[in-house]
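A structural walkthrough
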Amino acid sequence: MKFYKAKDYNDMSRKAANIISAQVIMKPDCVLGLATGSTPIGTYKQLVEWYNKGDLDFSKVTTVNLDEYKGLPKDNEQSYYYFMNENLFSKVNIDKSRTFLPDGTEADSDKACKKYNEIIHSVGGVDLQLLGLGHNGHIGFNEPGIAFEKETHCVTLSERTIKANMRFFLSENDVPRQAYTMGIKTIMSAHKILVLISGEDKADIVREAFFGPITPQVTASILQLHNDVSVVADEAALSKCTDLI
Ligand code: F6R
């Protein structure tokens, strides 16, 4: 794993956008694995800025997102499709028919997951997978205890994740209890992985996930076994690893 220390959130976002830009420039028809949440918003903003300057072309890029809430349609403001559209897809020249997320409106979990696995396989896998890190070590919606060999599956969100995500909803009750997520097997199959982490509230889990034992109890710890992981984190997020990096 390579660690890139950023000064703060903005610096993290620029560094991450540089890595993604390099991928798009070197392989214009690449497959990007994308994440939602607060962490990558600044990165997407930077990519849009560079696109507007004429420095980036997304016309041949394909994207597959990590996850989607079960039960939310694309036009629901809390859906991850809506998030991606707002933050990136509607702002660059990406071909929308090449942007994929699990189908939150498919009530049959097996069907939704099978279809998403087929999509990921049909695009030839992921060149660069972007990840955020949950406070409990989750990546995608792969909560602690998940089997490492899973592909796309339906998960029941942990209480901690529901509480963390309720900031985006009117109330805790409005947070969907289930989601479809890419599994660890799929994430680990990406050629390159880019993890973004910001803030002191993630400092403990950064140390645990990347310097602790590899265990399904800390999902992100499996990333220690991938051979091309870049972690771009700000000083606050790395503040409990200063003796290790
Ligand atoms: C988002 C996702 C999640 C987040 C994680 C961190 O698609 O899969 O694993 O990356 O919950 O969220 P933030 O960035 O909001 O702290």
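No experiment lies behind these values; they were computed from the predicted model shown.

Criteria and thresholds
- Residues numbered from 1 in each chain as written.
- Predicted model: local features only at pLDDT ≥ 70, side-chain atom pairs only at ≥ 80, totals over all residues.
- Heavy atoms only, no water.
- Near = heavy atom within 4 Å.
- Polar contact = N/O pair within 3.5 Å; in protein donor to acceptor, adjacent residues only side chain to side chain.
- Areas by Shrake-Rupley, 256 points an atom, 1.4 Å probe, with all protein chains shown as cover.
- Nonpolar A, V, L, I, M, F, W, Y, C, P; charged D, E, K, R; others polar.
- Pairing = 2+ DSSP bridges.
- Helix = DSSP H or I, 4+ residues; strand = E, 2+ residues; numbered from the N terminus.
- Axes fitted to C-alpha atoms, helices over the stretch in contact; angles between N-to-C directions.
- Buried < 20%, exposed > 50% of the residue type's maximum accessible area, 1.4 Å probe, protein only.
- Contact = heavy atoms within 4.5 Å.
- Core = buried A, V, L, I, M, F, W, Y, C linked by side-chain atoms within 4.5 Å.
- Parallel < 35°, antiparallel > 145°, perpendicular 65-115°, else oblique.

**Some thoughts on the site of the ligand**
Neighbouring the ligand are 15 residues; T39, D67, H138, G140 and K202 lie closest to it. Here an oxygen atom of the ligand sits 2.4 Å away from a polar atom, N or O, in the side chain of T39. Between an oxygen atom of the ligand and a side-chain N or O atom of R167, the distance comes to 2.9 Å. Against a free-state accessible area of 410 Å², the protein chains account for coverage of 92% of the ligand. Among the residues forming the shell around the ligand, the class breakdown is four nonpolar, eight polar and three charged.

**What to know about the sheet that holds strand β7 (residues 153-156)**
Across the sheet, three strands lie side by side as β4-β8-β7; this open sheet has antiparallel pairing. Taken across any chain shown, the strands that pair with only one partner, and hence form the sheet edges, are β4 (67-69) and β7. Recorded for the sheet is a direction-independent mean angle of 25 degrees between the axes of neighbouring strands. When β4 meets strand β8 (residues 178-181), the two strands line up antiparallel, connected through three bridges. Opposite D67, over in β8, you have T181 as the bridge partner.

**Looking at the side chain of Q46**
Note on placement: Q46 falls in helix α2 (residues 41-52). Q46 gets classed as buried once you look at its relative accessible area, which sits at 11%. With sequence-adjacent residues up to four places away left out, Q46 is seen in contact with R14 and A17.

**Quick notes on the sheet that holds strand β2 (residues 31-34)**
Within the open sheet, the seven strands sit side by side as β1-β10-β9-β6-β2-β3-β5. Their pairing is parallel. A strand with exactly one partner marks an edge of an open sheet, and here the two such strands are β1 (2-6) and β5 (99-100). As paired strands, β2 and strand β3 (residues 62-65) are joined by four bridges and run parallel to one another. Bridge assignment links L32 to a residue of β3, and that residue is T63. Where helix α4 (residues 109-122) meets the sheet, its contacts fall on β3 and β5, and the angle it forms with β3 comes to roughly 145 degrees.

**Topic: the nonpolar core**
In terms of nonpolar packing, the biggest core is built from 75 residues, with V64, L88, I187, V195, I197, F210 and L223 touching the most fellow members. Other than its neighbours up to four places away in sequence, L88 contacts L34, Y44, L47 and V48.

**Some words on the packing of α2 against helix α3 (residues 80-87)**
Two elements in contact, α2 and α3, have axes separated by 10 Å at closest approach and are oriented at 40 degrees. As judged from the angle between their axes, α2 and α3 are oblique. Contacts between α2 and α3 pair I41, Y44 and V48 from the former with F83, M84 and N87 from the latter. The residue inventory of the contact of α2 with α3, partitioned by class, reads five nonpolar, one polar and no charged.

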